[in-house]
Amino acid sequence: MTTATLPSTADVWQWLEEVPDPEIPVISLVDLGIIRDVAFEGDTLVVTVTPTYSGCPATAIISLDIQRALKEKGIEKLRLQRQLSPAWTTDWISPTGRDKLRAYGIAPPVDGSATDGALRQRTDRLSGRTNLRIACPRCGSTNTEKISQFGSTPCKASYRCADCLEPFDYFKCI
């Protein structure tokens, strides 16, 4: 592509909305909130990515998926830039992403609970010493209980609904 034929950044954002998260394929990288910026520097597309946490094992796969998706759209010059600060937060998950998580059977993080500003409250939440009510993604009941602080991935906890008796993952607030 020449500079005159470069796609718009809006097009690039749309293309990236089609790239699924490798651990939760129902949600896109854009809906997950880890794509922080898309910009051209000359004829090189720079995509800024903030991983969900610095040790996320899916980071390499995510980079490969982004590269593949954009190369398929004709992007020849691409640079992926990792941005660790500010750290990713579950508050960056889009409303559409939260709906997709719920439909998939994963309770999304409670809105705003990751950035409440109180270290003690956040520590209590992450350690399980909290009365935060998590709604079951299947039936909507808040009559739920934590089974384990550790779920199918490090960013999720295991819960069970006492009404419909279904187990589910809860996307922990980070």
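These notes cover the structure that comes with them. This structure is a prediction, so every number in the text was calculated from the model and none was measured. (Residues numbered from 1 in each chain as written. Predicted model: local features only at pLDDT ≥ 70, side-chain atom pairs only at ≥ 80, totals over all residues. Heavy atoms only, no water.)

A word on the sheet that holds strand 4 (residues 106–107). Sheet architecture is open: four strands sit in the order 4-7-6-5, paired in mixed fashion. Two strands in the sheet have a free side with no partner beyond their single neighbour: strand 4 and strand 5 (144–148). Where strand 5 and strand 6 (residues 156–161) come together, four bridges link them in antiparallel fashion. Paired with Ser-148 across the strands is Ser-158, a residue of strand 6. (Pairing = 2+ DSSP bridges. Helix = DSSP H or I, 4+ residues; strand = E, 2+ residues; numbered from the N terminus.)

Here we take up the packing of aromatic side chains. Remark: the centre distance and the inter-plane angle together describe each pair of aromatic rings, the angle taken between the planes. This structure, assessed with the given rule, holds three aromatic pairs. Ring geometry for Tyr-159 against Phe-168: centres 5.8 Å apart, planes inclined by 25 degrees, an arrangement best described as stacked. Given a relative accessible area of 8%, Tyr-159 falls into the buried group. Since its relative accessible area comes to 4%, Phe-168 is described here as buried. Arranged with centres 5.7 Å apart and planes meeting at 70 degrees, the rings of Tyr-159 and Tyr-170 form a pair that is edge-to-face. Note that Tyr-159 is positioned in strand 6 and Tyr-170 in strand 7 (residues 167–171), a separation of eleven residues in sequence. With respect to class, Tyr-159 is no different from Tyr-170; both count as buried. Site record: aromatic cluster; members linked through ring pairs are Tyr-159, Phe-168 and Tyr-170. Sitting over the face of the ring of Trp-92, Arg-36 holds its NZ or CZ atom 3.5 Å from the ring centroid. (Phe/Tyr/Trp six-rings, centres within 6.5 Å; stacked < 30°, edge-to-face > 60°. Buried < 20%, exposed > 50% of the residue type's maximum accessible area, 1.4 Å probe, protein only. Lys NZ or Arg CZ within 6 Å of the ring centre and 35° of its normal.)

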